[in-house]
Amino acid sequence: MKIEELTVTGMTCASCSSRVERVVGKLGGVSRATVNLATEKLHLEYDESVVQTDAVQKAVEGAGYGLVLPEKARHATIPIEGMTCASCVARIEKAVGKLEGISSVSVNLATEKADVDYDPARVRISSIKKSIIDAGYTPREIDASDTVDKDAERKQREIRVMWTKFIVAASAAVPLLYLAMGHMLPALGFPVPSFIDPVRYPLAFALVQVALVIPAIVAGNRFYRVGGKALWHRAPNMDSLIAIGTAAAVLYSLYSVWRIAAGDAMAADNLYFETAAVIIALILLGKTLETVSKGRTSQAIKKLMGLAPRTAVVIHDGVETEIPISEVEVGDVLRVRPGQKVPVDGEVLDGYTSVDESMLTGESIPVEKKAGDPVTGASLNKNGTITFRATRVGADTVLAQIIKLVEQAQGSKAPIAQMADIVSGYFVPIVMLIALAAGAAWLISGQSVAFSMTIFTAVLVIACPCALGLATPTAIMVGTGKGAETGILIKGGAALEATHRIQTVVLDKTGTITEGKPVVTDIAMANGTGEERLLQLAASAEKGSEHPLGDAIVGRAESRELALLPIESFQAVPGRGIDARIDGRGVLLGNRAFMDERGVELGALRATFDSLAAAGKTPMFVALDGAPAGIIAVADVPKPGSRAAIAGLRQLGIEVVMITGDNERTAKAIAEQVGVDRVLADVLPHQKAEAVRGVQEDGRRVAMVGDGINDAAALAQADIGIAIGSGTDVAIESADIVLMKSDLGDVLGAIRLSKATIRTIKQNLFWAFCYNVLGIPIAAGVLHLFGGPFLNPIFAAAAMSLSSVSVVSNALRLRRFRASAAVAATIGR
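Residues numbered from 1 in each chain as written. Predicted model: local features only at pLDDT ≥ 70, side-chain atom pairs only at ≥ 80, totals over all residues. Heavy atoms only, no water.

A.B. asks: Even after reading the chapter, I still don't get the packing of helix α23 (residues 642–651) against helix α28 (residues 745–779), so can you show me in this structure?
C.D. replies: In a packed pair of helices, the relevant descriptors are the angle between the two axes and the axis-to-axis distance. The N-to-C vectors of α23 and α28 enclose an angle of 30°; their axes lie 8 Å apart at closest approach. Classed by the angle they form, the pair α23 and α28 counts as roughly parallel. Across from A645, G648 and L649 in α23, the residues of α28 making contact are G745, V747, L748 and I751. Of the residues assigned to the contact of α23 with α28, the class counts are five nonpolar, two polar and no charged. (Axes fitted to C-alpha atoms, helices over the stretch in contact; angles between N-to-C directions. Helix = DSSP H or I, 4+ residues; strand = E, 2+ residues; numbered from the N terminus. Parallel < 35°, antiparallel > 145°, perpendicular 65-115°, else oblique. Contact = heavy atoms within 4.5 Å. Nonpolar A, V, L, I, M, F, W, Y, C, P; charged D, E, K, R; others polar.)

A.B. asks: It is not clear to me how the pairing of strand β21 (residues 567–573) should be interpreted in this structure. Could you clarify?
C.D. replies: Looking along a regular strand, one sees side chains alternate from face to face of the sheet. By the bridge criterion, six bridges tie β21 to strand β22 (residues 577–582) in an arrangement that is antiparallel. Within β22, the position partnered with F570 by the bridge is A580. The hairpin turn running from β21 into β22, its antiparallel successor, is three residues long, and G575 in that turn takes a positive phi close to 75°. (Pairing = 2+ DSSP bridges.)

A.B. asks: Would you mind going over the pairing of strand β29 (residues 720–724) with me for this structure?
C.D. replies: Most of β29 sits out of view: five of its five residues are buried. Of the two faces of β29, both are covered, the one formed by I720, I722 and I724 as well as the one formed by G721 and A723. Pairing geometry for strand β28 (residues 702–706) and β29, over four bridges, is parallel. Counted as the bridge partner of A703 is I720 from β29. One ladder, built from three bridges, connects β29 with strand β30 (residues 737–739); its direction is parallel. Bridge pairing in β30 places I722 opposite I737. (Buried < 20%, exposed > 50% of the residue type's maximum accessible area, 1.4 Å probe, protein only.)

A.B. asks: Please explain helix α24 (residues 664–674) as it appears in this structure.
C.D. replies: Residue pairs spaced three or four apart in an α-helix point in one direction, given the helix's 3.6 residues per turn. Among the residues of α24, T666, A667, A669, I670, A671 and V674 are the ones counted as buried. Those residues of α24 that are buried lie in contact with α18 (509–513), α22 (605–614), α23, β26 (655–659) and β27 (678–680). Positive phi appears at G675, one or two residues downstream of α24, with a value of about 90°.

A.B. asks: Can you help me understand the sheet that holds β27 in this one?
C.D. replies: Whenever strands of a sheet pair, they do so through backbone hydrogen bonds, lying parallel or antiparallel. Strand order in this open sheet of seven strands is β18-β30-β29-β28-β19-β26-β27, and the pairing throughout is mixed. A single partner strand is all that each edge strand has here, and the edge strands are β18 (488–490) and β27. This sheet shows a mean twist of 20° between the axes of neighbouring strands, independent of strand direction. Sheet topology places β26 next to β27; three bridges connect them, and they run parallel. Along β27, the bridge assignment pairs V657 with R678. Across the sheet, α28 lies against β18, β19 (504–508), β28, β29 and β30, angled at about 50° from β18, the strand it touches most.

Structure representation (structure tokens):
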């Protein structure tokens, strides 16, 4: 089953997206098709052996819309120096055309550029350049503008076209409105020109309006083209409503022109060309502003795309060469100097530096890197030169995967959107019936045809379901984009919605609540042994061991810059400890049983040992020459922000449960330090998913937070799985939310972001429904029944456009969300 994200063009409202979903979903081999109106993306899951994207494109185009298929080949424009005549052109075309993977090559002598279409899987740009050099010419560097994001470029072009159409429509609507108000203008000092005076020259007056309305209709031709096709397929949409409403005004006005030509001068009072023109102009203005606003909702993606550097410095045979980042291959050795960005993911071979990874994690503190450490593409090298080997390039890099993840999330639908989709599917046909019924009712009641037509048009125009279709996807786009900026990756609309309902958060202890590696917490001395001497001897003994507890002791000694002494003899006793001889002294390091076996009298140290063990730490006795010298305690300590984050979760009314394989005494000691009330201890890795299921069986909606392979099943079992970003790929793949920082505070931030996004969606849906519930009766003339005014279609068009822009603007307020501020606000309450 293949998954693709394709761009759909020509959609204007929720009815459009629903229609595309229906026609694509009917194709054999398509298992899932969902359309996001805000992103204009079709999420397609299909069987390649049954259906191809060409068939999908044909189905979408048959429904009246367009589908942009992914490019199967890349295009490059390569500037070339040294060409002098047509034979140069032919020589280069022949040389490049011989390469495998080249689908077309065209060289322009005047511009001195070669346009090449090629398959990147079979030929590289560097090979194309080499063939040009071999032919005797010099290829220059490809202009960075050639790599401009196609989607952003398309949207900018669309905005320019829409502004042009609006200007054309407005240029026609303004004079038409001037003429329509002609009977009021003389009193204001703006008389209508005498040669088109409606009283003296009614036909000239009418024909001028006909000439003026034509540019407006041409500017708004897509309403008639797309709306008409939708009507033909019995799936009317927003365009259909606009088309019917404005066409009714134009056709009735043309009928009045015919009556004027036949000698009925009074018919000049029944011209409504200005209504059609102004409606088209206002709708175009609203759609243009809406498109501009929608472009701002995807700024997070644009920021992420702009992070990657354009070039990389590769080392080959000891020579440094700067190449485009697209030409870097796995295994290439690259060099990054201070102030430069790391081009792709890799592993440091040589050098020492600190790297700013805030673009991925949101963590402002630079991370130190040395030989053997991983580096991530687009992170900023701060102060040292490093050489590293590329391990992941192109679409496999962390940045590319994040971009893909965010794009998929922004293109997904939340379950809350299903209600809007269902309503919008029936909405337009119902509105058309209401408009017909309202117009007919006023006509039967004795009102004129012109009045009834005005009511009919006003209902059609004000009820366009644009705001309804944009209410959910715009908020999801901004919410998931904002999360990505702060290091919180939410994989889809469903996860975003479900997170705000979480009642219990189950936290894995090791690596989630705690640091995930043991450190020395306490050193107790006996018999006059100094602390540094005790630590030095213990670390020297443990240097020969590979036990993680020993690593903690060695690490503490190294942090104090204590010199490790040579080992004269060494014996590790499994399950007990170490027997070593160092600096002429016998050193024993181990547990109580080991000391008892070796006949060491522990005396008062027993009480210290019991106290440290009760606190959840692992104490180890140290004896020198058979006499007790002290105790070194090691523990996996809580992360600095764990207690505050857990307090924040509890203040939101969320139950916090800690799950661990540790014994109950150790687990409860950690739980007491961080403020967790409920502990699930002695849980083996394969039992974690069952433990999560047990919490769910209590009727709780559960989020599981973990970072290891043994957490993957539990992450999948939970209603929401949250993976700490420093964890394994398996855990991240199993999760619904990925936290790029190993900061428990981001769990709270993710929940607050979900709540803020869902609150925005509910506001948008409320106002979208409320707008239509109130607007349709007013447009139908309910107020006029009781002596009030009726709604002019022009004001209905303005209100409709404003509703769409207001919904998008409300969603854009989420861009002010700050995860850290949300956490601080919760904790501070």
